[in-house]
Amino acid sequence: MESVIRLAISVGGSALAALAVCRAADLLARFADARHPETPLWGLLRRCRTPLYVVVLAALLRWTYPMASPGRGPLEEHAGAVSRVLLLCLIGGGAWLAVRTVAAVVESSYARYAGRSRDAARLRRVRTQVTLIMRVVSVAVGVLAAAAALVTFPSFRTLGTSLLASAGIIGIVAGVAAQSTLSNLFAGFQIAFGDMVRIGDTVVVDGEWGVVEEVTLTFLTVRTWDERRVTLPVSYFTSRPFENWSRGGAEMTGSVFVHCDHSTPVALVRAHLREFLTTCDTWDGRGWDLAVTDTSPTGITMRAIVTAKDADDLWTTRCAVREELVGWLVREHPGALPKVVTAPAADAFDRPWENARAPRQRRPRQPARNPTRPGDAPSD
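Throughout what follows, the structure given in this document is the object of discussion. In this text the structure is predicted, and so the values were computed from the model without any measurement.

## Quick word on the pattern of salt bridges
Pairing between side chains of opposite charge can happen when their charged atoms approach one another. Tallying each qualifying case throughout the model produces eight salt bridges. Three or more residues are tied together by salt bridges with common partners; here these are Glu213, Arg223, Glu227 and Arg229.

## Focus: helix H11 (residues 266–277)
For H11, which comprises 12 residues, the first-to-last C-alpha distance of 17 Å matches the rise-based estimate of 16 Å (1.5 Å per residue) to within 8%. Turning to H11, its buried residues number three or more, namely Val266, Val269, His272, Leu273, Phe276 and Leu277. With its buried residues spanning 130° around the axis, H11 presents them on a single face. Within H11, the exposed residues directed more than 90 degrees away from the buried face are Ala267 and Glu275. Residues of H11 that are buried in the fold lie against strand E7 (288–296), strand E8 (299–308) and helix H12 (311–332).

## Quick word on the environment of Gly94
Mapped onto the fold, Gly94 is located in helix H5 (residues 79–116). In the structure, Gly94 is positioned 40 residues away from Val54 in sequence and 8.3 Å away in space, judged by C-alpha atoms.

## Digging into the sheet that holds strand E6 (residues 252–260)
Sheet strands pair by backbone hydrogen bonding; their relative direction is either parallel or antiparallel. Here three strands make up an open sheet; going across it, the order is E6-E8-E7 and the pairing antiparallel. A single partner strand is all that each edge strand has here, and the edge strands are E6 and E7. Going across the sheet, the axis of each strand differs from the next one's by a mean of 25°, ignoring polarity. With nine bridges connecting them, E6 and E8 associate as antiparallel partners. In the sheet register, Val258 faces E8, and the bridge partner there is Met302. Sheet contacts for H11: E7 and E8; angle to E7, the most-contacted strand, approximately 145°.

## Some details on the side chain of Thr224
Position of Thr224 among the secondary structure elements: in strand E3 (residues 219–224). Engagement of the side chain of Thr224 in a polar contact is seen with the side chain of Asp226, the distance being 2.5 Å. Not counting residues up to four positions away in its chain, the partners in contact with Thr224 are Glu208, Trp209, Gly210 and Val230.

What counts, and at which threshold
Residues numbered from 1 in each chain as written. Predicted model: local features only at pLDDT ≥ 70, side-chain atom pairs only at ≥ 80, totals over all residues. Heavy atoms only, no water. Salt bridge = Lys/Arg side-chain N within 4 Å of Asp/Glu carboxyl O. Helix = DSSP H or I, 4+ residues; strand = E, 2+ residues; numbered from the N terminus. Expected span 1.5 Å × (residues − 1). Buried < 20%, exposed > 50% of the residue type's maximum accessible area, 1.4 Å probe, protein only. Arc of directions from axis to C-beta. Contact = heavy atoms within 4.5 Å. Pairing = 2+ DSSP bridges. Axes fitted to C-alpha atoms, helices over the stretch in contact; angles between N-to-C directions. Polar contact = N/O pair within 3.5 Å; in protein donor to acceptor, adjacent residues only side chain to side chain.

Below is the structure:
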């Protein structure tokens, strides 16, 4: 009974002490966040409350548990197993706390950099690099924690010691982070630091147009215009060609094709297009043009060129121009719309070339008559 009371005091006291430490740390971080609103570091550090509680509680229990079972008893029999479990919790909680702390520092640094920089392309590049670095750090901390946990078991102590070696750490970090092959790891770093693809870039892959939403060491997620997610391996972007519309600037130029009749007043269409673009909000004013790019026996093809600040505005501008030109031609110049010439089939009597090919019919021969000379009397 005495051992049970000691155990309850040990567990309860450790839990209350850990809660008090975490509460004090949270209040300190909240106070620092109020004093320094220019940096989000202290507010982000408040996310570490849970892993900090786990670490402090495990450490206090490892210290107070031997005091709860000073003599022989049921608690003393399981002291080794309980101590090992608490040590594993301490290692896991320490790794969790380290990852949360590093993430808070990195996110705070990125937020301060984003507040000073106005270059959207550079911000996307830094964000991609920070994301991949955080994933590598998380994997490295996880491998270290796993190796430290293996060391606590006598049968796995040799394996854990080898994992803690420098060469073993590098190999395990590369293998676990890549999850498949080293090529994905190198492809991920090439994408991050080679500035090939960044989070927020507009890309076209496999005929799908979308925005890069997530970049990891193994895959890349593209959110398409219809809210679908296309997941591709990172090695795809290092081994195959793809379109990056955000590379070198988000401004884009697009074309709109309109098929019309030969009688279309091209000059009037060009003037109306210029007038309409001045009222179009998504047109950036960099350039425009309208020209006849093709002709055929049935009509002509007009191409209108417009510009916009990004891919979304370009799509909207192209649709607006197409609708406006077609509607204006219907209202003002309906004769300029493309025509399909149809006529009823002619009768056989109206096609002399077919009559000429028909076989000629022979007239029946008339019976011969006996010619009579003038003055001859008719025979009896």
